[in-house]
Amino acid sequence: MHPDQWQKVERFLHDIAFVRCLSGHTVKSYRRDLTSLAAFCKREGIGSWEELKIPHLRRYAATSHSA
């Protein structure tokens, strides 16, 4: 992922923490999952969130559950 793409994640995490007031554990879980998804995207050559499609997400889910 390009750095500007990760800024979207940071804004989302800030929003769920400070606007929606979700627990720190929830925010930590989202961060972990999104970091894992970003690593998958890097391995797959996906450079932005907009490039991420449903077949990619299915493959990600299948590989993450088999590990």
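Figured I'd write up the structure that's included with this text.

Cut-offs applied
- Residues numbered from 1 in each chain as written.
- Predicted model: local features only at pLDDT ≥ 70, side-chain atom pairs only at ≥ 80, totals over all residues.
- Heavy atoms only, no water.
- Helix = DSSP H or I, 4+ residues; strand = E, 2+ residues; numbered from the N terminus.
- Buried < 20%, exposed > 50% of the residue type's maximum accessible area, 1.4 Å probe, protein only.
- Core = buried A, V, L, I, M, F, W, Y, C linked by side-chain atoms within 4.5 Å.
- Contact = heavy atoms within 4.5 Å.
- Axes fitted to C-alpha atoms, helices over the stretch in contact; angles between N-to-C directions.
- Parallel < 35°, antiparallel > 145°, perpendicular 65-115°, else oblique.
- Left-handed = near helix turned anticlockwise from the far one by under 90°.
- Nonpolar A, V, L, I, M, F, W, Y, C, P; charged D, E, K, R; others polar.

1. Comments concerning the overall build of the protein
Consideration 1: When its secondary structure is counted, the protein shows three helices and zero strands.
Consideration 2: Seen in sequence order, the protein has helices and strands lined up from the N terminus as α-α-α.
Consideration 3: Dimensions of the protein, computed from the C-alpha atoms along their principal axes, are close to 30 × 30 × 15 Å.
Consideration 4: Within the protein, buried positions represent 25% of all 67 residues.

2. Structural notes on the nonpolar core
Consideration 1: Val9, Leu13, Leu37, Phe40, Cys41, Trp49 and Leu52 are the most contacted members of the largest nonpolar core, which has 13 residues in total.
Consideration 2: The set of elements that each furnish at least two residues to this core consists of helix 1 (3–19) and helix 2 (24–44).
Consideration 3: Considering every element that reaches this core, the biggest residue donor is helix 2, with six residues.
Consideration 4: Those residues in contact with Leu37, other than ones at most four positions away along the chain, are Trp49, Leu52, Leu57 and Tyr60.

3. Re the packing of helix 2 against helix 3 (residues 54–66)
Consideration 1: Two numbers describe how helix 2 lies on helix 3: the axes approach to 11 Å, and their chain directions differ by 115°. Between helix 2 and helix 3, the crossing angle belongs to the class labelled roughly perpendicular. The handedness of the crossing between helix 2 and helix 3 comes out as right-handed. The residues of helix 3 that touch helix 2, namely those facing Asp33, Ser36, Leu37, Phe40 and Glu44, are His56, Leu57, Arg59, Tyr60 and Thr63.
Consideration 2: Looking at the contact of helix 2 with helix 3 residue by residue, the class counts come to four nonpolar, three polar and three charged.

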